[in-house]
Amino acid sequence: MSLNGVCLVSENPFPPRNGVTIPTYNHIGLFREHNVNVEVFYASDNEGDDGFEKGEFINFKKSPVFKRIFGEFFLGKPFFLFFLDQKSLTAITDKVNKIDFIYYSPISMAAAAESLRKAYLEKTGYSPRVIASISDCYTSVLASSLTGESSKAGFRNLISYLRSLYMGRQERDLLNSSDVVLVQTEKDNDCLLKIGFSGNVEVVTNGVEEALFDVAPSNNKKFMFAGNFKAVFYQERFVWFYENIWVKVLNEIPDARLYIYTSGYVPDCISDLVDGDNSVLLVSKFVENICDLYSGKTFCIAPIYKGYGFINKVAEAMASGLVVIGDESAFNGMKGFQAGVHGVMASDASSFLSCILSVSRDEHLVSEISVAARVFARERFSWIEKGHQLKNVIN
């Protein structure tokens, strides 16, 4: 007898395109490969594509802004939460007659998942298993706002850091209503322990698409940077890299080229910075074939500087045979990774520059790292193994 699940997500996961939709998209696919029926309901249709499957839009609610601010400070209810009203709950339970488990992502869907569990329990007398796929510990995300080589001590980051001082308790209370929490790295598991969460945690590192292993290796002076500029985080990282490192790279390697990939939105701080720079090619649209992001490039630049999360683009670049040059956190969750063998690790602007210059001038080293990175990725980033993990989670 097949299992039936409901997936509640903040945005349409088809196609996969960011840190929330990539794991969700693949988890849904793996459930279905194991003959598990999954109905997908999402709150926002951001960047959906007609060439991909669609879930079903459902009217998730958010309280008015001032009510949410009051709720977070005085009632212990995080600002970011989505809710389901009675009409939406009825629409879901009428469509899905049998619910064995509820999967939600990210943590902003926690309250909606709990209300659906209670509604189904009231209707049938059965309480579905609840799976929280949070990827990152939200409290650690906030706490990292003022840390890292490329972070700025602006008002927004200061507020985020201050929120982290009380968010741990609120996040812990939300997750306590879940039967199992999925995270992507052991660091995120450690972060949950620090906020006092003692529930069931499963570390399920993301995999990569098999097609990336067939990308032809390159040995040129082409670099790539990928990031969603809707997030101030990636704006700051790129500006830091460009101003402190890239302009100096060009002084030493005039024929170097930098490909920037982002999904649609390009803020003025980025467009003004690279305007007129012939060394930079900015691609500001969703790239349907993921292999096109990495094909023809030799290096992936990853100044991440955050102590949480699995960096999908780094894993994808390694699978494609690119040499990744990043800080320590770029390789989060990659057990067995060896700096200088599977990729290049830098600590600050000065070491980023020296690493780029030294590695790009050594074709033999580039070839060695490219081969080793691809072998490493094939051994550790297989979605097949993740499927067995997920099947055990829902049983």
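Parameters at a glance
Residues numbered from 1 in each chain as written. Predicted model: local features only at pLDDT ≥ 70, side-chain atom pairs only at ≥ 80, totals over all residues. Heavy atoms only, no water. Axes fitted to C-alpha atoms, helices over the stretch in contact; angles between N-to-C directions. Helix = DSSP H or I, 4+ residues; strand = E, 2+ residues; numbered from the N terminus. Parallel < 35°, antiparallel > 145°, perpendicular 65-115°, else oblique. Left-handed = near helix turned anticlockwise from the far one by under 90°. Contact = heavy atoms within 4.5 Å. Nonpolar A, V, L, I, M, F, W, Y, C, P; charged D, E, K, R; others polar. Polar contact = N/O pair within 3.5 Å; in protein donor to acceptor, adjacent residues only side chain to side chain. Expected span 1.5 Å × (residues − 1). Bend = angle between axes of the 7 residues up to and from the residue. Salt bridge = Lys/Arg side-chain N within 4 Å of Asp/Glu carboxyl O. Buried < 20%, exposed > 50% of the residue type's maximum accessible area, 1.4 Å probe, protein only. Pairing = 2+ DSSP bridges. Right-handed = clockwise from strand over helix to strand, strands pointing away.

Packed helices, taken two at a time, are described by the angle their axes make and the gap between the axes. It is at 10 Å that the axes of helix H3 (residues 86–95) and helix H4 (residues 110–124) come closest, and there the two elements cross at 60°. Comparing their axes, H4 and H3 come out oblique. Viewed along their axes, H3 and H4 form a crossing whose handedness is right-handed. Here Leu89, Ile92, Thr93 and Asp94 of H3 come into contact with H4, specifically with Ser115, Leu116, Ala119, Tyr120 and Lys123. Split into classes, the residues belonging to the contact of H3 with H4 amount to 5 nonpolar, 2 polar and 2 charged.

Moving on: the side chain of Asn312. If you trace the backbone, Asn312 turns up in helix H11 (residues 312–319). A polar side-chain atom of Asn312 sits 2.5 Å from a polar atom in the side chain of Asn206. With near-sequence residues (within four places) excluded, Asn312 lies in contact with Gly19, Ile22 and Asn206.

Below, the discussion takes up helix H8 (residues 232–252). With 21 residues, H8 should reach 30 Å at 1.5 Å per residue; the first-to-last C-alpha distance of 30 Å fits that figure. The sharpest bend along H8 measures roughly 45° and falls at Tyr242.

So, about the pattern of salt bridges. According to the stated counting rule, one finds 12 salt bridges in the structure shown. Glu252 is paired through a salt bridge with Arg361; the nearest N and O atoms lie 3.2 Å apart. Note that Glu252 is positioned in helix H8 and Arg361 in the loop between helix H12 (349–360) and helix H13 (363–380), a separation of 109 residues in sequence.

Closest axis-to-axis distance for the H8/H12 pair is 10 Å, and the angle between their directions is 35°. For the crossing formed where H8 meets H12, the hand is right-handed. Of the residues in H12, those touching H8 at Trp240, Phe241, Asn244, Ile245, Lys248, Val249 and Glu252 are Ala349, Phe352, Leu353, Ile356 and Leu357. Looking at the contact of H8 with H12, its residues break down into 9 nonpolar, 1 polar and 2 charged.

What follows deals with the pairing of strand S13 (residues 299–302). Here S13 shows two buried faces, one formed by Phe299 and Ile301 and the other by Cys300 and Ala302. Where S13 lies against strand S14 (residues 323–326), 4 bridges are found, and the strand directions are parallel. Paired with Ile301 across the two strands is Ile325, which belongs to S14. Taking the sense of rotation as the criterion, the β-α-β connection linking S13, H11 and S14 turns out right-handed.

Right, let's get into the sheet that holds S14. Taking strand neighbours across the sheet as the criterion, the 6 strands line up as S12-S11-S10-S13-S14-S15 in an open arrangement whose pairing is parallel. At either margin of the open sheet sits one strand with a lone partner, and together these are strand S12 (280–284) and strand S15 (344–345).

Spatially, S3-S2-S1-S6-S7-S8-S9 is the arrangement adopted by the 7 strands of the open sheet, whose pairing is parallel. Since the sheet does not close on itself, it has two edges, and those belong to strand S3 (56–57) and strand S9 (201–203), each with one partner. Relative to S9, strand S8 (residues 180–183) runs parallel, the two being bridged by 3 bridges. In the strand pairing of S9, Val183 is matched with Val203.

The subject of this paragraph is the environment of Phe79. One can find Phe79 in the loop between helix H2 (65–75) and strand S5 (83–84). Along the primary structure Phe79 and Ile69 are separated by 10 residues, whereas in three dimensions their C-alpha atoms are 6.0 Å apart. The residues touching Phe79, leaving out its near neighbours within four places in the chain, are Val65, Arg68, Ile69, Glu72 and Arg163.

For strand S1 (residues 4–9), the tally of buried residues reaches 6 of 6 residues, placing the bulk of the element in the interior. Side-chain alternation along S1 places Asn4, Val6 and Leu8 on one buried face and Gly5, Cys7 and Val9 on a second face that is also buried. Note that S1 and strand S2 (residues 37–42) share 6 bridges and pair parallel. Residue Cys7 lies in a different strand from S2, and its bridge partner there is Val40.

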